[in-house]
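# Architecture and fold: a report
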Amino acid sequence: MSEERQALSIERILVAIDASPHSLAALEAAVDLAARFDAELAGIFVEDENLLRLAGRPSVIEIGIFTATRRRIDGEELERQMRVQSRRVRRIFTLTTERAHVRRSFRVVRGTILSEVLAAASEADVLVLGQAGWSLLRRGQLGSTVRGILPEKFGLALILKEGTCLGEPLVVIYDGSPIAKRALVAADTLRRQPDEDQALIVLLLAEERQRAHVLQGQAASLLGHRGTVVRYRTLRSTNVVQLTDILHTEGCGMLVLPARSAALQSSTLVALLEHLELPVLLVT
């Protein structure tokens with residue numbers, strides 16, 4: 001059996017948590033996946049050493065959000081706040097996972113957030129992240145951690161916003177590339193009820209009808225032996241407005257993207273992640 005035809009093995013899921021609204025949505029989705037696949041769920045909270053390093057500089061000040069008061073950052077107070085936050089995050093993780101009866105582990109590490117998350121993700125099959133942490137005020141903007149993982153080859157990363165959760169149907173973009181084939185298999189594996197009539201929706205990325213016909217044949221060959229109910233639509237470009245209209249019409253519950261496909265440039269990928277109000281699974 002070829003690599004593309006093999007179902008994904010999901011045995012360990014990593015979720016990065018900081019108790020922000022986006023990360024709590026990520027935690028709920030991670031628990032859902034862990035329960036569905038009988039996978040171990042690993043939680044991680046990173047104490048940001050860059051923030052602690054800044055606290056040691058006399059020229060660095062903080063400005064209160066509500067009072068606009070300027071004051072120097074106190075290193076000892078910041079350490080105390082991080083300990084309080086880590087205990088809060090651990091408590092939330094424990095309560096949420098206990099309700100679902102999933103196998104779990106949790107750890108607190110200190111370092112740069114991106115490097116620590118990527119290191120931990122190397123031991124997991126799926127990384128689950130909130131779109132942004134506490135630091136961003138503009139709604140929809142991607143956090144630095146999500147932006148940082150985009151150039152990396154990390155396997156699967158599920159990105160969620162506050163107020164979103166995993167749903168059906170799944171929609172996957174397919175352009176015939178090797179990474180799109182992995183995205184197709186990932187989407188089929190993650191379908192909640194593969195034995196029922198809920199179709200997997202495949203968006204064939206093609207400007208011409210003949211190319212779309214070729215892509216449909218490839219996708220049908222990959223999915224045919226799995227007995228998957230599939231519905232095909234042609235997507236002429238990854239224009240954010242056009243894609244949003246299609247996803248709204250289809251009632252999409254989760255979008256699966258081949259993140260390193262040549263058809264999805266970095267700027268397009270960022271725009272999609274910021275604009276779409278649904279979970280997005282990135283496949284690399």
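Refer to the structure printed above.
Fair warning: this is a prediction, and the values are worked out from it, not measured in the lab.

### Focus on the overall build of the protein
Per the secondary structure count, the protein includes nine helices and 12 strands. Across the 284 residues in the protein, those meeting the buried criterion constitute 47%. Taking as baseline every contact in the protein between residues at least 6 positions apart, the subset at least 24 positions apart corresponds to 77%. Only carbon and sulfur atoms are counted for the fraction: they give 49% of the accessible area of the protein, which is about 14,300 Å².

### Some thoughts on the pairing of strand β8 (residues 170-174)
The buried fraction of β8 is high, at five of five residues. Burial along β8 is two-sided: Leu170, Val172 and Tyr174 and Val171 and Ile173, pointing in opposite directions, are all buried. The pairing of β8 with strand β11 (residues 254-258) spans three bridges and is classified as parallel. By the bridge assignment, leucine 170 is partnered in β11 with methionine 254.

### Focus: the packing of helix α6 (residues 178-190) against helix α7 (residues 209-224)
A pair of packed helices is captured by two measures, namely the crossing angle of their axes and the spacing between those axes. Axis separation between α6 and α7 bottoms out at 11 Å; the angle between their running directions is 45 degrees. With respect to each other, α6 and α7 are oriented oblique. The interaxial crossing formed by α6 with α7 has right-handed handedness. Counting all contacts with α6, which are made through Lys181, Leu184 and Asp188, the residues of α7 involved are Ala219, Leu222 and Leu223. Looking at the contact of α6 with α7, its residues break down into four nonpolar, no polar and two charged.

About the cut-offs
- Each residue is numbered by its place in its chain's sequence as written, counting from 1.
- Where local features are concerned, this predicted model is filtered to residues with pLDDT of at least 70; where side-chain atom pairs are given and counted, the filter is 80 or more; whole-chain, interface and lining totals use all residues.
- As a convention, hydrogens and water are excluded, and side-chain values are obtained from all of the structure's heavy atoms.
- For helices the rule is a DSSP run of H or I covering at least 4 residues; for strands it is a run of E covering at least 2, with both sets numbered from the N terminus onward.
- When accessible area is computed with a 1.4 Å probe and restricted to protein chains, residues below 20% of their type maximum are described as buried, those above 50% as exposed, and intermediate ones as partly exposed.
- Throughout, a contact is declared for two residues whenever any of their heavy atoms are within 4.5 Å.
- Here the accessible surface of atoms and residues is derived via Shrake-Rupley with a 1.4 Å probe, and residues count as covered only by protein chains that are part of the display.
- At least two DSSP bridges between two strands are required for those strands to pair.
- Interaxial angle, 0 to 180 degrees, is taken between N-to-C directions of lines fitted to C-alpha atoms, where a helix line uses only the stretch in contact.
- Any angle that is under 35 degrees is reported as roughly parallel, and any over 145 degrees as roughly antiparallel; angles of 65 to 115 degrees are reported as roughly perpendicular and all others as oblique.
- We call a crossing left-handed when the near helix sits turned anticlockwise from the far one by less than a right angle, and right-handed when that turn is clockwise.
- Under the convention adopted here, Pro, Cys and the residues Ala, Val, Leu, Ile, Met, Phe, Trp and Tyr are nonpolar, Asp, Glu, Lys and Arg are charged, and Gly plus all remaining residues are polar.

Interpretation note: all reported values are geometric properties and have no functional meaning in isolation.
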